[in-house]
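What follows is the residue order along each chain.
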Amino acid sequence: MPVWILCLPVLFPILAGAFMLARPIEDRRKRQIYVAGAVIVNAVLAMAVLVWTPDEALTLIRFSDTMQITLQVDGMGRIFGILVSLLWPLTTFYSFEYMKHEGRENKFFGFFTMTFGVIVGVAFADNFLTLYLFYELLTLATLPLVMHSMDGRARYAGKKYLIYSLSGAAFAFIAMIFLLSYGSTLDFTFGGVLDPAKTGGKELLLQTVFILGFFGFGVKAAVFPFHGWLPDASVAPTPVSALLHAVAVVKAGVFAVIRLTYYGFGCDFLRGSWAQTVVMTAAAVTIVYGSAMALRTPHLKRRLAYSTVSNLSYILFSVTLMTPAGLVGGLSHMVFHAVIKITLFFCAGAIIYKTHREYVYQLEGFGRAMPVTMAAFTIASLGLMGIPPLAGFISKWNIATAAVDTGMPLAWIGVAALIVSALLTALYLMAVVIRAYFPGKGYDPASVKEVEDPNRLMTVPLIILSAASVLLGLCASPLLAVFERIAAGL
Amino acid sequence: MGSFLLIFLVLFPMAGAVASYLIGRKSKSVRDWLVLAITVAELFGALLLLYFPGAALRMEGICGLGLTFQADGFRIVMALLTAAVWMMTTLPSKSYFAHRHNRNRYYLFLLLALGATMGIFLSGDLYTTFIFFEMMSFASYVWVVQEETSEAIKASRSYLTIGVLGGLVTLMGVFLLYHLAGTLQFDLLRGACAAVGDRRLLYAAGGCILFGFAAKAGMFPLHFWMPRSYTAAPAPATAILSAVLSKAGIFGILVVSCDVFYRDADWGMLILILGVVTMLLGAVLGLFSINLKRTLACSSMSQIGFILVGVGMQGLLGAHNQLAVYGTVLHMLNHSLIKLILFVIAGVIFTRTESLDLNEIRGWGRGKPLLAFSFLMAAVGVGGIPLWSGYISKTLLHEGIVEYIEILAAQGSAGLMRVIEWLFLIAGGMTLAYMTKLFVAIFIEKNPEKPVEKGTYMDKPTSAMLTISGLTLLLFGLFAHGTMDRIAEASRSFLGGEALEHTVRYFSWTNLQGALISVCIGAVLYFGVVRFLLMKKDRQGVRVYVDRWPRWADLENLVYRPLLQGLAFVGAFCSRIAASVADWLIYLIHRLFYKKAPQTVEPKTNEQFGAYSNRPVYRGIVGETLAYELLLYGAGVVATLLYLLLQ
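1. Things to note about the overall build of chain B
A tally of regular secondary structure across chain B gives 22 helices and six strands. Principal axes of the C-alpha set define a box for chain B whose edges measure 105 × 60 × 55 Å. Residues classed as buried in chain B amount to 56% of the 647 residues present. Put simply, 79% of the contacts in chain B that link residues at least 6 apart link residues at least 24 apart. Averaging the locations of the 51 positively and 38 negatively charged side chains of chain B gives two centres separated by 9 Å.

Take a look at the structure:
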């Protein structure tokens, strides 16, 4: 494969999306064909690149020897790339149906397609500068999607998102500069780039900078106390909440944290330091906090958003264990949570699309009224709670065993946080499921008379994703083997 | 072939569940036959297992750590029992559910749980046990909520809560154990745990694992969900809950007690004490209850206590554990069969009368000899009357205690154990008292308001099943050496029991004494307490049963619910504070430093663009003074100095 193919899956959707914004397509059918074509072609392209990866890296722009915009695929990028490329087409089909009632579809699909390219850019970035570039672009490309409805709440959420993300990136920038001055290179190197000759005696300073960088990238990963934008951003159209705020954007934050920890500062430098204590504590607090807030949030999409806050910190907690097993646990939860949470959001979206009901207490008796949707919701809920043999159980098992194996006292607290959070997860998700299936006394069957499952564009992605979360749980080992190879630095 | 059989037993009912659900949407009668056929096939599969003792199957990579299945004596007995109970409860299900809704859902989860329960009993490591245990918990939740009445919904919430909570705590324990022992395989666990140096951590792990399994078994203080859930669930489901699912909990407790804490006296003592409390509390609650299913539920709890006494004695007796091992296994078996009969009878009564209150159903059983016969078989079985199977297992348990007393007496004091022996006999007496209460109320007393029903009251399969099960109890009791002893001998190795040196003479005078004492206590309790204290004359002058148990004395309402609500409140409070910390900081900074830009003025015509007023508005708590500017300057200098010094 020629080297230049690396830039195709990044640039193609950006151009395709920009073209749509410049020349809007008024006919819905033509637009759908265009968008579906662009997304599928790009997903295939990305897959092709991921399978037949060129040996060399592709340098797009060269500022200096150490500062370049370079694309290349490694194990981490491959995982993230595959995840995104698989979920993007599904979400696109779902959006075709969903966006009918939101309007301004040209604008939406334009930016939606562009974001695909930016995310692939995040996945393919070969050094911190490239990662930073696409990370900032991601904020800008997704802002119009968050503010889509342009009413007061959406604009507020958009502003909040912008301020949080940009200031976070500024902190991350500081970390990058320090890496440049105290390290040998900005290229991702498993085990870290810090140069021992330069860092001698500056450990405290560098650890402080790591914390800055962690929380900077952590903004997108919604780590407490910088999680505030995520629940508010749930005013965005549901496909955006589903794909961007459960998978692409937030996982880009996690992805960047992993890059910073494992490929920037290096685990050996950080392990056992006070910086590790700080970041692990933050993650453990977020785990419980997110679940507790989810429990007392009656708005379904907001509840799921808080649940995302909590689950992202599962990944962060596992990653900050700074052991290979921790990275395996984090990566597995990154993938499994993506599949599960996108299912949950799709269900919430299907409910909003068909009935305009947004609150948990309005869903009584939906089990019979929307059988496919609620079945998918139930499977995903059980998966997220970590009921074996579904996917969520495998990742939680991996995280907890990784934590236990480190033998740190803080890791035990983290495991306790996981268990408490799992209980809270059961409460806030099962409350929805129980209401839907067993509405109890005082429930009026007439209230769901008009309610029915949405059409196939929505239900087929739901069925595929539910099946995936079961299959991933049953046949997790090949995937885990891949994660283990990444965690070993291969 | 053996390994194929193992996976077949687990997966076949699950596949059958989906098939029967899909068929049930088209035709109900075909579905009913299919479900029965699946359970019968399952029973034959389990019987085939007898020809493959020692069958093992390792499925690498499934569910991360991989699943292990294994069959040996004890596990084959439990698998057979499971399949048999499932088949026998499916027989009366058809008539029980004839006029009820959501049968399709019920059968779906019934068969799913069958596969999961098989998975538990055939598992070869704790990981596999746990995975199927969770599946079983969730599948059986749907049975409890099946009727969808408000009681059922309340009961099912308790059931689900304890299921989820128990599962999570157990999972924590499994993590710990895996970390400490490095393996979860049953056959390696005993050696690995003996080698663990840090006993305190091992006890913590064992305690966590115990929590989930004990909750399912209904051990004190995690029994609170049991009476309510058993009462709310449909009768065939209750039969399974009591006969098999509680044994799945016991199975887990046995793994912890016989593999992790093999012959550990401290652990044995803990289980023994909890078992004694469970045994007594269940019996007292059963004595007070005036609802048929509730009494049976309390009785289940009490019998689980008896089994736990056996488990505890195994730990205490150490190398002399033969009798306790025998008693534990056989009492598990007996209790399953007995409760199967009793709950099915409760179902028959409920389908005809739509009531379970003793005052309303009293006298209903008059003139129904077959029903009376099978009830009597089960009642004397559970009461431990000689010649029936319950006597055998209770005698073994009792002899285990006596043996330990002798060992202790040789060393000095045996005071506590003597007390426990008496409590054991008293609980046996109470069992007799409440079973007599039920039998007298349903089959002997006359009901002045309702005439005795005539005609058929249950279908043929149900009557056949009840008769056969009832006779089995008698046969087991009569020919104990040929039947029960052999089952126990086959199961011995799983529990790590020693071989019995000589066969037990069940009908020797010393062994009969225990039963006699229990019978006497039972008679005193029945005539002294039940007939005297727990009945009163109503306005028509008829003696009726009254519920004298104080309403407030309910562990769930008294302790657990307030505790959980309190925890939820504290959690929400802390989250709130945590959530607003950042806001406070920002507010403080805002007030200290922030010079607000000129206020935005929004003309009503265009909300996108605002115009600004002339003067900047300052909203700090510190005024715009020279001193303030100096203060900020000073702070800046200090920061710079500090940076220079630290460099």
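2. Section: helix α8 (residues 203–218) of chain A
Helix length check: α8 of chain A (16 residues) gives 22 Å between terminal C-alpha atoms against 22 Å at 1.5 Å per residue, within 8%. Within α8 of chain A, burial applies to L206, Q207, V209, F210, I211, G213, F214, F215, G216, F217 and G218 of chain A.

3. A look at unusual backbone geometry
Residue F224 of chain A is joined to P225 of chain A through a cis peptide bond whose omega torsion reads 5°. One can find P225 of chain A in the loop between α8 and α9 (229–232). Cis peptide bonds are those with omega within 30 degrees of zero, and the linkage from F220 of chain B to P221 of chain B qualifies with 0°. Relative to the elements of secondary structure, P221 of chain B occurs in the loop between α8 (199–217) and α9 (225–232). The phi dihedral of M150 of chain A falls on the positive side, at around 60°, and the residue is not glycine. As for its position among the elements, M150 of chain A is in the loop between α5 (128–146) and α6 (152–182). On the basis of relative accessible area, M150 of chain A is assigned to the partly exposed category, the value being 34%.

4. Some remarks on the interface of chain A and chain B
One frequent convention defines the size of an interface as the accessible area lost when the parts assemble. On the side of chain B, 40 residues touch chain A, which itself brings 40 residues to the contact. Of the roughly 3,400 Å² buried at the junction of chain A and chain B (both faces included), carbon and sulfur atoms supply 75%. Ranking the residues of chain A by area buried against chain B places W397, I419 and F438 of chain A at the top, with a combined share of 21%. Our count for the contact surface shared by chain A and chain B stands at zero salt bridges. Connecting chain A to chain B are one residue pair in polar contact (both at pLDDT 80 or more). Listed by contribution, the elements that provide at least two residues to the side of chain A that touches chain B are α12 (274–295), α16 (371–385), α17 (391–406), α18 (409–437), α19 (456–474) and α20 (477–487) of chain A. A per-element tally of the side of chain A that touches chain B places α18 of chain A first, with 10 residues. Along the lines of polarity and charge, the residues of the side of chain A that touches chain B split into 30 nonpolar, four polar and six charged.

5. Structural notes on empty space enclosed by the protein
Residue and element names in this part refer to chain B. The full count for this structure, using the stated rule, is five cavities of 30 Å³ or more. Here the largest cavity is characterised by a volume of approximately 130 Å³. What lines the largest cavity is a set of 13 residues, among which G384, K394, G514, A515 and S518 lie closest to the centre. Elements with a contribution of two residues or more to the lining of the largest cavity: α16 (389–411), α17 (415–444) and α20 (509–530). Split into classes, the residues belonging to the lining of the largest cavity amount to four nonpolar, eight polar and one charged.

6. So, the confidence of the model for chain B
Per-residue pLDDT for chain B averages 83, and the proportion of residues at 70 or more is 93%. As scored by the predictor, the complex reaches a pTM of 0.83 and an ipTM of 0.76.

7. Description of the nonpolar core
Residues W88, F124, F210 and F265 of chain A together with W143, L177 and M313 of chain B are the most contacted members of the largest nonpolar core, which totals 410 residues. The leading source of residues in this core is helix α13 (residues 322–353) of chain B, at 20 residues. Discounting residues that sit within four places of it in the chain, M313 of chain B has contacts with L272, A324, G400, I401, Y404 and M417 of chain B.

8. Some points on the pattern of salt bridges
Oppositely charged side chains may form a pair once their charged atoms are brought near each other. Residues and elements named next belong to chain A. In total, this model carries 17 salt bridges over all chains according to the counting rule given. For D232, the salt bridge goes to K160, with nearest N and O atoms at 2.8 Å. Taken together, the positions of D232 in helix α9 and K160 in helix α6 put the pair 72 residues apart, joining distant regions of the chain. In this structure D232 comes out as buried when scored by relative accessible area, which is 14%. Two residues, D232 and R302, come together in a salt bridge whose shortest N-O distance is 3.1 Å. A residue pair is termed long-range when its members are at least 10 positions apart, and D232 in helix α9 and R302 in helix α13 (residues 300–319) qualify at 70 residues. Its relative accessible area of 27% is what places R302 among the partly exposed residues.

9. Focus: the confidence of the model for chain A
Across chain A, the average pLDDT comes to 87, with 100% of residues at 70 or higher. Taken element by element, chain A is modelled with least confidence in helix α7 (residues 196–199) of chain A, mean pLDDT 79, and with most confidence in α13 of chain A, mean pLDDT 92.

10. Here's the deal with a nonpolar patch on the surface
All names here are of chain B. On the surface, F569, V570, F573, I577, V581, W584, L585, I586 and I589 cluster together into a nonpolar patch covering about 910 Å² of accessible area. As for its position among the elements, I577 is in helix α21 (residues 555–593). You can call I577 partly exposed: its relative accessible area is 36%.

11. Looking at the environment of A523 of chain B
Residues and elements named next belong to chain B. Looking at the element boundaries, A523 is found in helix α20. Using a relative accessible area of 36% as the deciding quantity, one classes A523 as partly exposed. A C-alpha to C-alpha distance of 38 Å links A523 and G163, two positions 360 residues apart in sequence.

12. Overview of helix α11 (residues 265–288) of chain B
Side chains of residues three or four places apart in an α-helix project in the same direction, reflecting 3.6 residues per turn. Taking 1.5 Å per residue, 24 residues should reach 34 Å; α11 of chain B reaches 35 Å between its end C-alpha atoms and fits that length. N-cap assignment for α11 of chain B: the residue whose side-chain oxygen lies 3.0 Å from the backbone N of D266 of chain B is D264 of chain B.

13. Section: the packing of α13 of chain A against α17 of chain A
Residues and elements named next belong to chain A. Relative orientation of the contacting elements α13 and α17 amounts to 35°, with a least axis distance of 10 Å. Like other packed secondary-structure pairs, α13 and α17 cross with a definite hand, here left-handed. Listed contacts from α17 to Y314, F317 and S318 of α13 are K396, I399 and A403. Looking at the contact of α13 with α17, its residues break down into four nonpolar, one polar and one charged.

Rules behind the numbers
- Residues numbered from 1 in each chain as written.
- Chains lettered and ligands numbered in written order.
- Predicted model: local features only at pLDDT ≥ 70, side-chain atom pairs only at ≥ 80, totals over all residues.
- Heavy atoms only, no water.
- Helix = DSSP H or I, 4+ residues; strand = E, 2+ residues; numbered from the N terminus.
- Buried < 20%, exposed > 50% of the residue type's maximum accessible area, 1.4 Å probe, protein only.
- Contact = heavy atoms within 4.5 Å.
- Lys, Arg positive; Asp, Glu negative; His and termini not counted.
- Charge placed at Lys NZ, Arg CZ, Asp CG, Glu CD.
- Expected span 1.5 Å × (residues − 1).
- Buried area = accessible area lost by both parts, 1.4 Å probe.
- Salt bridge = Lys/Arg side-chain N within 4 Å of Asp/Glu carboxyl O.
- Polar contact = N/O pair within 3.5 Å; in protein donor to acceptor, adjacent residues only side chain to side chain.
- Nonpolar A, V, L, I, M, F, W, Y, C, P; charged D, E, K, R; others polar.
- 1 Å grid on protein atoms, 1.4 Å probe; cavity = no way out; pocket = protein on both sides within 12 Å on 5 of 7 lines; lining within 4 Å.
- Points joined across faces, edges and corners; volume = space filled by probe spheres on them.
- pLDDT = per-residue confidence, 0-100.
- Core = buried A, V, L, I, M, F, W, Y, C linked by side-chain atoms within 4.5 Å.
- Patch = residues over 30% accessible without salt bridge, like charges linked within 9 Å, V, L, I, M, F, W, Y side chains within 5 Å.
- Areas by Shrake-Rupley, 256 points an atom, 1.4 Å probe, with all protein chains shown as cover.
- Axes fitted to C-alpha atoms, helices over the stretch in contact; angles between N-to-C directions.
- Left-handed = near helix turned anticlockwise from the far one by under 90°.

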